[in-house]
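Structural overview for review
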Amino acid sequence: MNNIVFGIHTVQAIQNINAQNLLEVFILKDTDNHRLNVLYCLLKQKGVKIHLVNRKFIESKVNKGDNHQGIIAVVKSVNQHSEKFLENIIYNIKKPLLLVLDCITDPHNLGACIRTADAAGVNAIIVPKNRSASINATVQKISSGATTNLPLIKVTNIARTLCLLKKQDILIVGTSNKSTINLYQKQLTLPLALVMGSESTGIRYLTSKYCDELISIPMYGIVPSLNVSVATGICLFEIMRQEKFLQHNN
């Protein structure tokens, strides 16, 4: 069974986006979980194919320790695209907001970044083909179904892709805790590509060379850095705050 997702909230979110993305749903039979029973009724109303199964069946389809909450689903292929799809976005969206994730290898962080990007109105996420976590059940659960809604573009060479974006007058903004310029000091308006680096080392040196600006998030406590998904959220919503302010004053 490919493209498995699990968890009440995840299946609910996919159902809300588009129930047709749910090919089959397997629910624990004879459960007294109210949320699960409500979801069962919603899925039945939408005409989703449902199977009532025992716990052993469900646990055979997920990894040991996964909090499946008595429900798993088979979904359509994740919204993944090749580099060519990026051209469609550049040419068809007047002021795109793109998120570039440079070597995010932890599935929980990748899923959280995707969820945040969807909430912030990002048009597409760009990741390297070979140095990124794969879109597995964990990523889909953490993203709350956003993987079915937000295009994920896999590219062979991040630096080359940033060069392409620069040629289309898209501002490339990278993040680095070494930068003396914080995001509240810069004008961050669309079209723009935000580059976030890996959990341990940040964006790679070559990637940083293709950025127009390097910014940091001001830190006031004792911790040296933030989780990448938290940092992504802070940066994206500051970008959108500035964009909305600009629109309001024009």
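In this report, we go over the structure that sits alongside the text. Computed from a predicted model, the values in this text were never measured in an experiment.

Calculation rules
Residues numbered from 1 in each chain as written. Predicted model: local features only at pLDDT ≥ 70, side-chain atom pairs only at ≥ 80, totals over all residues. Heavy atoms only, no water. Patch = residues over 30% accessible without salt bridge, like charges linked within 9 Å, V, L, I, M, F, W, Y side chains within 5 Å. Areas by Shrake-Rupley, 256 points an atom, 1.4 Å probe, with all protein chains shown as cover. Salt bridge = Lys/Arg side-chain N within 4 Å of Asp/Glu carboxyl O. Helix = DSSP H or I, 4+ residues; strand = E, 2+ residues; numbered from the N terminus. Buried < 20%, exposed > 50% of the residue type's maximum accessible area, 1.4 Å probe, protein only. Phe/Tyr/Trp six-rings, centres within 6.5 Å; stacked < 30°, edge-to-face > 60°. Pairing = 2+ DSSP bridges. Contact = heavy atoms within 4.5 Å. Axes fitted to C-alpha atoms, helices over the stretch in contact; angles between N-to-C directions.

**Digging into a nonpolar patch on the surface**
- Taken together, the side chains of M219, I222, V223, L226 and V230 define a hydrophobic patch exposed on the protein surface, amounting to about 460 Å² of accessible area.
- Checked against the element boundaries, I222 lands in the loop between β11 (213-215) and α9 (228-248).
- Here I222 falls in the exposed class, since its relative accessible area comes to 86%.

**Quick look at the packing of aromatic side chains**
- Applying the stated criterion across every chain, the model contains one aromatic pair.
- Ring geometry for F26 against F57: centres 5.1 Å apart, planes inclined by 35°, an arrangement best described as tilted. Of this pair, F26 sits in strand β2 (residues 22-28) while F57 is found in helix α3 (residues 55-60), placing the two residues 31 residues apart along the sequence.
- The class for F57 is partly exposed, based on a relative accessible area of 26%.

**Considering unusual backbone geometry**
- Cis geometry marks the peptide bond from L190 to P191; its omega dihedral reads 5°.
- Inspection of the secondary structure assignment puts P191 in the loop between β9 (171-175) and β10 (192-196).
- For D30, which is not glycine, the phi torsion reads 55° and is therefore positive.
- Structurally, D30 is set in the loop between β2 and α2 (34-45).
- Non-glycine residue D169 carries a positive phi angle of around 60°.

**Comments concerning the sheet that holds β10**
- Strand order in the open sheet formed by seven strands is β5-β8-β7-β6-β10-β9-β11, with parallel pairing between adjacent strands. In the strand order of this sheet, the two ends are held by β5 (80-81) and β11, each with one partner.
- Two elements, β9 and β10, share four bridges in a ladder whose sense is parallel. Among the inter-strand pairings, G174 is bridged to a residue of β10, identified as V195.
- Taken strand by strand, helix α4 (residues 84-92) contacts β5, β6 (97-101), β7 (124-128) and β8 (152-155), and its axis lies near 125° from that of β8.

Limitation: the analysis is restricted to geometry and does not speak to function.
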